[in-house]
Amino acid sequence: MGQYEERPVNSPVICIFVYGLRVQLPVLIYLDRILMGDNGVSEIFEEPRKGKFKANKKAKESVLKQKSPAEFFAENKNIAGFDNPGKSLYTTVRELVENSLDSAESINELPSIEITVEEINKMEFNTMIGLVDRERVDEELYDDFESAKVREKRLAKEARLQEIQAKNASLGKKAKEPSTNTKGPKGRGETSFFKVICKDNGRGMPHDDIPNMFGRVLSGTKYGLKQTRGKFGLGAKMALIWSKMSTGLPIEISSAMKGQNYTSFCRLDIDIHQNIPHIHLHEKRENKDHWHGAEIQVIIEGNWTTYRSKILHYMRQMAVITPYSEFLFKYFSHAADKNMTIKFARRTDVMPPVPLETKHHPSAVDLLLIKRLISETSKPNLLQFLQHEFVNISKSYAERLIGEMGPDFSPKMFVKSLTSQQIVRIHQLFRQAKFDDPSGDCLSPAGEYNLRLGIIKELQPDMVATHAGSPQVFEGHPFIVEAGISLGGKDVKQGVNIFRFANRIPLLFEQGADVVTRTASKRINWNSYKINQMQDKIGVFVSIVSTKIPFKGTGKEYIGDDITEISSAVKSSIQQCCNQLKSKIMKKLQARERQDRKRNLTRYIPDASRAVYQILEEMTRDNEPKRQRYDEKDAELLDKVESEQITEKTLRDNLTQHIEKVDYEMALEYATQSGVNEEPREDIYLNALENLPDFVDFHSPVNISFTACKQRMENEDSYCWL
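About the cut-offs
Residues numbered from 1 in each chain as written. Predicted model: local features only at pLDDT ≥ 70, side-chain atom pairs only at ≥ 80, totals over all residues. Heavy atoms only, no water. UniProt positions renumbered as here; feature names shortened; annotations may be inferred. Helix = DSSP H or I, 4+ residues; strand = E, 2+ residues; numbered from the N terminus. Buried < 20%, exposed > 50% of the residue type's maximum accessible area, 1.4 Å probe, protein only. Areas by Shrake-Rupley, 256 points an atom, 1.4 Å probe, with all protein chains shown as cover. 1 Å grid on protein atoms, 1.4 Å probe; cavity = no way out; pocket = protein on both sides within 12 Å on 5 of 7 lines; lining within 4 Å. Points joined across faces, edges and corners; volume = space filled by probe spheres on them. Nonpolar A, V, L, I, M, F, W, Y, C, P; charged D, E, K, R; others polar. Pairing = 2+ DSSP bridges. Polar contact = N/O pair within 3.5 Å; in protein donor to acceptor, adjacent residues only side chain to side chain. Arc of directions from axis to C-beta. Contact = heavy atoms within 4.5 Å. Phe/Tyr/Trp six-rings, centres within 6.5 Å; stacked < 30°, edge-to-face > 60°. Axes fitted to C-alpha atoms, helices over the stretch in contact; angles between N-to-C directions. Parallel < 35°, antiparallel > 145°, perpendicular 65-115°, else oblique. Left-handed = near helix turned anticlockwise from the far one by under 90°. Salt bridge = Lys/Arg side-chain N within 4 Å of Asp/Glu carboxyl O. Patch = residues over 30% accessible without salt bridge, like charges linked within 9 Å, V, L, I, M, F, W, Y side chains within 5 Å. Expected span 1.5 Å × (residues − 1).

Taking an unreviewed UniProt entry as the reference, the protein chain is identified by name as DNA topoisomerase 6 subunit B belonging to Dendrobium chrysotoxum. Quoted straight from UniProt, the Catalytic activity (unreviewed entry) entry for the protein chain says "ATP-dependent breakage, passage and rejoining of double-stranded DNA." In its Sequence similarities (unreviewed entry) section, the UniProt entry covering the protein chain states "Belongs to the TOP6B family."

Pasting the structure below:
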């Protein structure tokens, strides 16, 4: 090849002698590319640009990024029901209440839950975080700025409207409602903050688990195949995330378990990007009152005005489906007339059974679940795995399944040695084989007694009928449908009023597409049950419980109408209730007809008795020979009339007694058929289990003046009891 000469290291060029020629390195590379047929050599002779190698280095770096669960839900908070400040306030109250119910029911404790919503204005919030208010310097920077010219036009328009209204009033014309389209100063309004506190008497939380239970998204105690109100460990964490996004303030938790002599107190927020809790304070405090349960306090941005009715409606429906619970709801505002204290009293001590965790049905599993069960099972061989990790697979049936899988499978084979192909074969057989439906023993419905009692307690209807269906199956998951129909009652609108529950949770939004709404409005012929769909006050209550509720949409607010098994069960349960009501309505109509007949007969008694008596008097004036044509009884009757033993008054009294006797016999027959005691009925009212004389008991939880309630509380130191 030749000899080469190397310059010092700091030399920019390396010289090489090729066949006696002294060639610099760039020229050598150029010649080499020409020999190889490469024409792209212009860049070799270009001066290197600054930052060129750094740019190439960055281009080679991966653009793949990863988000934590907390960051994902913070960016997509509408998935968890935190669409806007008003909905966020409602969802926060809902999540805290449902967690409290689950906590109390898990230890068979009658739930007693206190919810407080306290309004905090902007000035108080700034003081709370240590921020000093600053007066505006440049008004034009603000969204609600209004120039002098625009303000002048607006005021002139308002003055003209007032002048027109005054003129119409003087002429006796009906005043028109002021237009709501008048544009005022542009602005989004004053931001409102609320302190939400929820206190219960439930299980409480272990001291060391509190940070992760509130500061780590997708962590919780409700994972597993069983009926639960919550499932993903998201609700309370989303309240904390919303608090961090809107106020930046941490959440405070106080908790104590039964028998603990201390109370755990924790103040924390969440690291959104790492999905870990950021603990400010975590300590143990003395528990002098031996209290057990949890108290959670969070400060968030909200809107009480727009979602006030939804929150109260939710609390009322929760009182319907859980009459064994006691709810005390308090709202405090800066305007004294807006303060309210509402108590939904406990009406029974009968609680539904605690839902049990069950095993998976073979027809409801997928490949990932089978692999997870294999990795977690403690059973060594395939036969025991199939027999103990799934429901409705007996030993003999498991042997038949293994025999059907092929020669590569045996009952004694090591289950953890199964290949991916063998697991696919098991999954295919599970989808094709026939298995018995799972039972509903793992479910915990409200029960007909509680459902009926809740409806009567909150609505006080004229009639009510309930029905609990038998367990049914959808995609390997058991479900039970309970229904109740009420007629009449307080605070019930004319027409069909729908009340929906899923796993004993009220569903308030997205009602139009729900299976209950579609069934009640389109598939039930109310006229055939003697019910007027347009004029009668009809309450339709449907509760669905299952190990897996097939919600539609991300908000989990409605159950789709495309599931045949569920829609058929809902229709059947509603029809059963309607048949009960039809029987009662028919008997009521018959009783009304009898009353009308009795009323008509009673009205004609004086005329009928007078006419009969006049006829008898004329007959007594007949000659003696003509009277001989009457038989002995008729002659005796005429003699009594003639001797005035029978008078018009006597006839009138006898007719009245006869009508009363016939009416009593018919009423007794009706009471016997309907199972009602013949003795007069006395109206009774179910009082609360606890003796609380300080509470004023109202029959309706909504027909109440909160101003009057507050005045009564101030005068008598009592609460409004609903």
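Next comes the rest of the write-up.
Engineer: Is there a simple way to explain the overall build of the protein chain in this structure?
Structural biologist: Scanning the protein chain for helices and strands turns up 20 helices and 21 strands. Evaluated residue by residue, the protein chain yields a buried proportion of 41% over its 722 residues. Surface exposure of the protein chain reaches about 42,400 Å², of which carbon and sulfur atoms provide 50%.

Engineer: Help me out: how do you make sense of empty space enclosed by the protein in this one?
Structural biologist: The rolling of a water-molecule-sized probe over the atoms marks out the regions of remaining empty space. All told, the structure shown has three cavities of 30 Å³ or more when counted by the stated rule. Approximately 50 Å³ is the volume found for the largest cavity. Its residues assigned to classes, the lining of the largest cavity shows six nonpolar, two polar and two charged.

Engineer: Help me understand unusual backbone geometry in this model?
Structural biologist: Comment: phi is negative for the bulk of residues other than glycine, and the bulk of peptide bonds are trans. If you check the backbone angles, N275 has positive phi at about 55° while not being a glycine. Mapped onto the secondary structure, N275 falls in the loop between β7 (262–271) and β8 (276–286). For N275, a relative accessible area of 8% puts it in the buried group. Phi angles above zero are rare outside glycine, and K530 is one such case at about 65°. Relative to the helices and strands, K530 is located in the loop between α15 (515–523) and β17 (537–546).

Engineer: Would you explain the pairing of strand β4 (residues 112–120) in this entry?
Structural biologist: Walk down a regular strand and you will see the side chains alternate between the two sheet faces. In this structure, β4 lies alongside strand β10 (residues 326–332), joined through seven bridges in parallel fashion. For I115, the partnering residue across the bridge sits in β10 and is F329. Sheet analysis places β4 next to strand β5 (residues 192–199), joined by seven bridges and oriented antiparallel. By the bridge assignment for β5, E114 is matched with K199.

Engineer: Mind showing me how you'd approach the side chain of D269 here?
Structural biologist: Within the secondary structure, D269 is located in strand β7. For D269, the side chain forms a polar contact with the side chain of H280, separated by 3.2 Å.

Engineer: Explain the pairing of β10 here, please?
Structural biologist: Burial within β10 is extensive, with six of its seven residues counted as buried. In this sheet, strand β11 (residues 340–344) lies alongside β10 in antiparallel orientation, the contact comprising five bridges. Looking at β11, one finds that L328 is bridged to K343.

Engineer: Mind showing me how you'd approach helix α12 (residues 395–405) here?
Structural biologist: Residues that lie three or four places apart on an α-helix share one face, since the helix turns once every 3.6 residues. Every buried residue of α12 is accounted for by A398, L401, I402 and M405. Down the axis of α12, the buried side of the element spans an arc of 100°, and every buried residue falls inside it. Away from its buried face, by an angle of more than 90 degrees, α12 presents the exposed residues R400, G403 and E404. Those residues of α12 that are buried are in contact with α11 (382–389) and α13 (420–432). After α12 finishes, the residue G406 shows a positive phi value of roughly 125°.

Engineer: Quick question: what am I supposed to make of the packing of aromatic side chains here?
Structural biologist: Two measures describe an aromatic ring pair: the distance that separates the ring centres and the angle between the ring planes. Overall, the coordinates contain twelve aromatic pairs when judged by the stated rule. Consider the rings of Y307 and F509, whose centres lie 6.3 Å apart with planes at 40°: the pair is tilted. Of the two residues, Y307 sits in helix α9 (residues 304–321) while F509 sits in the loop between β16 (506–507) and α15, which places them 202 residues apart along the sequence. Among the residues examined, F509 registers a relative accessible area of 15% and is labelled buried. Consider the rings of F390 and F430, whose centres lie 5.1 Å apart with planes at 70°: the pair is edge-to-face. Here F390, found in the loop between α11 and α12, pairs with F430, found in helix α13; they are 40 residues apart in sequence, far enough to count as distant.

Engineer: So what exactly am I meant to see when it comes to the environment of G440 here?
Structural biologist: Assignment of secondary structure puts G440 in the loop between α13 and α14 (448–459). The class for G440 is buried, based on a relative accessible area of 13%. Taking C-alpha positions, G440 is 5.8 Å from P478, a pair spaced 38 residues apart along the chain. If near-sequence neighbours (up to four positions away) are discounted, G440 is found in contact with P471, P478 and I480.

Engineer: In this structure, what is going on with the packing of α12 against α13? I would like to understand it.
Structural biologist: Two measures define how a pair of helices packs: the angle their axes make with one another and the distance between the axes. Relative to each other, α12 and α13 sit at 120°, their axes nearing to 10 Å. If you check the angle between α12 and α13, you find them oblique. The element α12 and its partner α13 pack so that their crossing is right-handed. Two secondary-structure elements touch here, α12 through L401, E404 and M405 and α13 through R425, I426, L429 and F430.

Engineer: Teacher, can you tell me more about the pattern of salt bridges here?
Structural biologist: Side chains that differ in charge, positive against negative, can pair when their charged atoms come close. Per the counting criterion, the structure on display carries 22 salt bridges. The residue K457 makes a salt bridge to E458 at a minimum N-O spacing of 2.3 Å. Considered together, K457 and E458 belong to a single accessibility category, that of buried residues. Across the salt bridge formed by D561 and R518, the nearest N and O atoms sit 3.9 Å from each other. Highlighted residues: D561 in the loop between β19 (558–559) and α16 (564–620) and R518 in helix α15, separated in sequence by 43 residues. What makes R518 partly exposed here is its relative accessible area of 30%.

Engineer: Explanation requested: the side chain of Q317 in the structure shown.
Structural biologist: Residue placement: Q317 occurs in helix α9. For Q317, the residues in contact, after removing those within four places along its chain, are F499, R500, F501, P506 and L508.

Engineer: I tried to follow a nonpolar patch on the surface on my own but got confused; where do I start?
Structural biologist: A cluster of nonpolar side chains, namely M128, I129 and L131, defines an oily patch on the protein surface of about 260 Å² accessible area. By secondary structure assignment, the location of M128 is in helix α5 (residues 122–129).

Engineer: How should the packing of α9 against α14 be read in this particular structure?
Structural biologist: Following both chains from N to C, one finds α9 and α14 inclined at 140°, their axes separated by 7 Å at the closest point. Taken together, α9 and α14 sit at an angle that is classed as oblique. Contacts between α9 and α14 involve R316, A319, V320 and I321 from the first element and N450, L451, G454, I455, K457, E458 and L459 from the second. Residues of the contact of α9 with α14, tallied by class, amount to six nonpolar, two polar and three charged.

Engineer: Whenever I open this one, helix α8 (residues 235–246) confuses me. Can you help?
Structural biologist: Compared with an ideal rise of 1.5 Å per residue, which puts twelve residues at 16 Å, α8 spans 17 Å between its outermost C-alpha atoms and is within 8% of the ideal. Counting buried positions along α8 gives ten out of twelve residues, so the element sits mostly inside the fold. By the burial criterion, the buried members of α8 are G235, A236, K237, M238, A239, L240, I241, W242, S243 and S246. Immediately downstream of α8, the backbone of G248 shows phi near 75°, a positive value.

Engineer: Would you explain the environment of E510 in this entry?
Structural biologist: The topology assignment puts E510 in the loop between β16 and α15. For E510, a relative accessible area of 45% gives the class partly exposed. Put simply, E510 and K556 are 46 residues apart on the chain and 9.4 Å apart in space, counted from C-alpha to C-alpha. Among all residues touching E510, those that are not within four sequence positions of it are R500, E557 and Y558.

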